[in-house]
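# Topology and contacts: notes
Here are the chains, one letter per residue:
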Amino acid sequence: MMPREAESGGLGEAGSADIVKVAATLVSAAVIIAALYYGQDILIPLAFAFLIGFALNPPVMWLRRGGVPKVISIIAVMTVVLVLLAGLFVVLGTQLRSLGEQLPTYQSTINSKFNDLKAQFKAPGIFDSALNAIASLQKEVEAVQGATAQRVEVVPAAGTQMQVALVWLGRALEPLATAGIVLVFVVLALLDRSDLRDRLLRILGGNLHRSTDAIEDAGRRISRYLLMQLVVNVTFALPLTLGLWLIGVPAAPLWGVVAAVLRFVPYVGALISAVFPLALAFAVDPGWHMMLWTLALIAGLELVSNNIVEPMLYGTSTGLSAISLIAAATFWTALWGPVGLILSTPLTVCLLVLGKTLPQLQFLDTLLGSVPALDPATRIYQRLLANDVEEAIEIAEGEIDTLSVVPFYDAVGIAVLRLASDDYGRQATAAHRLRVAEGMDALLEELREEHPAAVVTDSAPKVVCIGGKWEIDAIAAEMLAHALGLEGIPAQTRRVVHVTASSVARLDLDGAPVVCINYFSSEPDSAVRQFCRRLRQRWPELEIVVVLWMVPAEALANDARKDIGADEVATSIKEAIGRVRRMLPEVAGEPTEAEPPANDAERVAALHGTAFLDEALRDDLDAIAKRAADAFDVDVAMISAIDSDREVIIGRSKELSGFGRDEVGRPTLPRQAAICDYVVAGGETLIVADTERDARFTDNPVAKAWGLRFYAGAPLRTGDGHVLGALCILDRDARALEPRERQLLEKLAADIIETISRKDADRSSQQQAEGDAEASATIGQQVPK
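Here goes a summary of the coordinates provided. (Residues numbered from 1 in each chain as written. Predicted model: local features only at pLDDT ≥ 70, side-chain atom pairs only at ≥ 80, totals over all residues. Heavy atoms only, no water.)

## Points about the packing of aromatic side chains
- On inspection of all chains with the given rule, the structure shows 8 aromatic pairs.
- When the ring of Trp255 is compared with that of Phe276, the centres are 5.8 Å apart and the planes differ by 5 degrees; the resulting orientation is stacked. Separated by 21 residues along the polypeptide, Trp255 in helix α9 (residues 252-262) and Phe276 in helix α10 (residues 268-284) bring together distant segments of the chain.
- An angle of 55 degrees between the planes, with centres 5.3 Å apart, marks the rings of Trp332 and Trp336 as tilted. Here Trp332 pairs with Trp336, and both are found in helix α12 (residues 322-336), just 4 residues apart, close to one helical turn.
- Here a set of aromatic residues connected by ring pairs shows up, and it is made of Phe331, Trp332 and Trp336.
- Over the ring of Phe710 we find Arg735, and its NZ or CZ is 5.3 Å from the ring centre. (Phe/Tyr/Trp six-rings, centres within 6.5 Å; stacked < 30°, edge-to-face > 60°. Helix = DSSP H or I, 4+ residues; strand = E, 2+ residues; numbered from the N terminus. Lys NZ or Arg CZ within 6 Å of the ring centre and 35° of its normal.)

## A few points about the side chain of Asn700
- Summarising the element assignment, Asn700 is placed in the loop between β10 (686-688) and α27 (701-706).
- Reaching out from Asn700, the side chain makes a polar contact with the backbone oxygen of Ala673 at a distance of 3.1 Å.
- Apart from residues lying up to four places away in sequence, Asn700 is in contact with Ala673 and Ile675. (Polar contact = N/O pair within 3.5 Å; in protein donor to acceptor, adjacent residues only side chain to side chain. Contact = heavy atoms within 4.5 Å.)

## Some points on the pairing of strand β7 (residues 646-652)
- With 6 of 7 residues buried, β7 lies mostly within the body of the structure.
- As paired elements, strand β6 (residues 636-642) and β7 share 5 bridges and run antiparallel to each other. Residue pairing for β7: Met638 is matched across the bridge by Arg652.
- Linking β6 to β7, which pair antiparallel, is a turn of 3 residues. (Buried < 20%, exposed > 50% of the residue type's maximum accessible area, 1.4 Å probe, protein only. Pairing = 2+ DSSP bridges.)

## Points about empty space enclosed by the protein
- Applying the stated criterion across every chain, the model contains 3 cavities of 30 Å³ or more.
- Taken together, 14 residues form the lining of the largest cavity, with Met638, Glu647, Leu669, Ile675 and Val702 sitting closest to its centre.
- Elements that contribute at least two residues to the lining of the largest cavity include exactly α27 and β12 (723-731).
- The class makeup of the residues in the lining of the largest cavity is 12 nonpolar, 1 polar and 1 charged. (1 Å grid on protein atoms, 1.4 Å probe; cavity = no way out; pocket = protein on both sides within 12 Å on 5 of 7 lines; lining within 4 Å. Points joined across faces, edges and corners; volume = space filled by probe spheres on them. Nonpolar A, V, L, I, M, F, W, Y, C, P; charged D, E, K, R; others polar.)

## Considering a nonpolar patch on the surface
- A cluster of nonpolar side chains, namely Tyr267, Val268, Ile272, Phe276 and Ile326, defines an oily patch on the protein surface of about 450 Å² accessible area.
- No other element matches the 3 residues that α10 contributes to the nonpolar patch.
- Secondary-structure assignment places Val268 in helix α10.
- Overall, Val268 belongs to the partly exposed group, its relative accessible area being 36%. (Patch = residues over 30% accessible without salt bridge, like charges linked within 9 Å, V, L, I, M, F, W, Y side chains within 5 Å. Areas by Shrake-Rupley, 256 points an atom, 1.4 Å probe, with all protein chains shown as cover. Salt bridge = Lys/Arg side-chain N within 4 Å of Asp/Glu carboxyl O.)

## Notes on the nonpolar core
- Core analysis: the biggest nonpolar cluster contains 51 residues, and Ile380, Tyr409, Leu417, Val463, Leu484, Ile573 and Val580 have the highest contact counts within it.
- If one sorts the elements of this core by residue count, helix α17 (residues 405-423) sits on top with 10 residues.
- When near neighbours in sequence (up to four residues on either side) are disregarded, Leu484 contacts Val463, Cys465, Ile489, Ala491, Ile577 and Val580.
- Ranked by size, the runner-up nonpolar core spans 30 residues in total, among them Leu607, Phe612, Ile639 and Leu724. (Core = buried A, V, L, I, M, F, W, Y, C linked by side-chain atoms within 4.5 Å.)

## Remarks on unusual backbone geometry
- Phi at Ala251 takes a positive value of approximately 55 degrees, unusual for a residue other than glycine.
- Among the secondary structure elements, Ala251 is positioned in the loop between α8 (208-247) and α9.
- By relative accessible area, which is 15% here, Ala251 ends up buried.
- Of note in this structure, Asp508 is not a glycine but carries a positive phi near 55 degrees.
- Examined against the element boundaries, Asp508 turns out to sit in the loop between α20 (501-505) and β3 (514-519).

What follows is the structure in structure tokens.
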């Protein structure tokens, strides 16, 4: 009894703690919302000031980079902004005054149109009887109310002229005071930008790197949003102004400016801006043509802007989902009114960045972010569990449109089977297991029909794929066979229930040179060893590839294949395809060595025409290599040039052994052994997460000699498009490279090209100077007689 009581008591305490936590969260949220609502008189000017500060900071920084002092830069930018605003108000005032003078002339047109509309609606209609009945009922109700109660209206006493003037003066000064406060806050924000950033970093606390990235991310997203919004509004306003002018609508520039300004208000701004030119077209033209042309113009521009311009420019600039944008607009409008609607997107972007930065607010990233809450593999797996095979197939087809079939199998399909394998003995019921198996069969059947593989023309396939033990193993074998077929390697599948001598004999592997055995077990050694022994007893010449889907790549030693009796071991579909190709040299496919580019001779000539091979560059390039090795925390960083028959290491982060040497003592390698040659051949950044798991580099002599597992190389591309070599980073541990890290590596490669270009310019200037000196000396010589 005691253990149960203790257990129940522990559960009760945990439940109480959860309730208290939820209650505290709700109370905190209520307090924050109340503070936002009651403090809006202070918070709204602050929000506007920081938003304008984000927009004005780039020109201020541009002036400061040009050597202009901070205060002068801010004064110059603010002066330009104020002058532009003043000029805009002058133009708008002129347009409004001109329009006001012409309005009385439109009165007759308006009266005439309204009279025509009244005449059309005055004719008897199908609703007249119902409307008359409602009107008579309303009169009877009013008569009863008048008989029982007398209406009293309190009319306030009229104020003096001074009081009325003060009221109107207060109403006029209120927005001016707010604008002044915003202006002061903007100037202070630009002046104390560094101090404000430091204080914000202190408030965020925790990891300084993460907080710095968060502030940069927020600034980048908001600045890009404002810039793209400005571009979209201008690209809408300019053709609108031109179109209204051609149609004949008065004050066309005015309505173009109004549209550009009001479109900063999400959702309703575009509708409000369309009302003015439509109303004026209605008033000006005695007919309906001008109004209809104006309506067609606005509708056409909206269609182009919403479906072409905005998707092309915005992209994922804010990182917010569509539903979160609408929800944020509703929330901030309810809290701060129309001003909240204008500020809703920037404020919500800040909340999104906080959700990405602070673990306590991670739910904001899930609620507001545009990134799907579940990865594609989890989405497909959940649809299969829910027996929604059609949607699972739809998700798979969407991913294939982006990845193609083989990468989809590697990145998503196998991941679905891993999820099923993890849940097999823990959470999955019999119904769930059956749904996943049947759903995957249907999905693979659909993919085979939509993306047919090469037809097997021989009497026997080149490769036979077999599931090791479980149903999931057999499904993985189906995926691998289809992937091999798509890569031009004829493959079939076989099923085996028990690994006995008789069952293995019935597999009918005569004529098949390669077998791929698939296992999802995390400890498959004994089962694999037994299966391989049975296969070799029956077919001694058979080559066996064992694909271990659940065993981490780093857990596989070089001799793992020998321990289990296999010829090769793979952990992914891409790796399995590569290893099968090595066993089948007659099958055309991806080359095992880098093929030189078509213009290789021209590229080599360009290499020798630069200062890249100049020994004087060694110190500069060594410094860049050292910086790259430190920044990426790798064992080695190298800067290499690919000559016609060799790789020359120009810069390196440390001294290298195991290389040949050129005439000036620089390390060299045969070109066919250089991994960097693949960068030159492909012309793009190459990332090899694990050389032991990539069939192209498994037997690479450099990787084996140094024990290298990771390689990433960025091309050194000249302005003429020639790839002279590569900046590469190498490490003894397998690892991945994030997209931002890849961009940094490519930026360092661009810095190297810039360094070479400067050296080329210096050499050209020196040669020119020497030539001029020689010419001068020649001119000054005495002419022989």
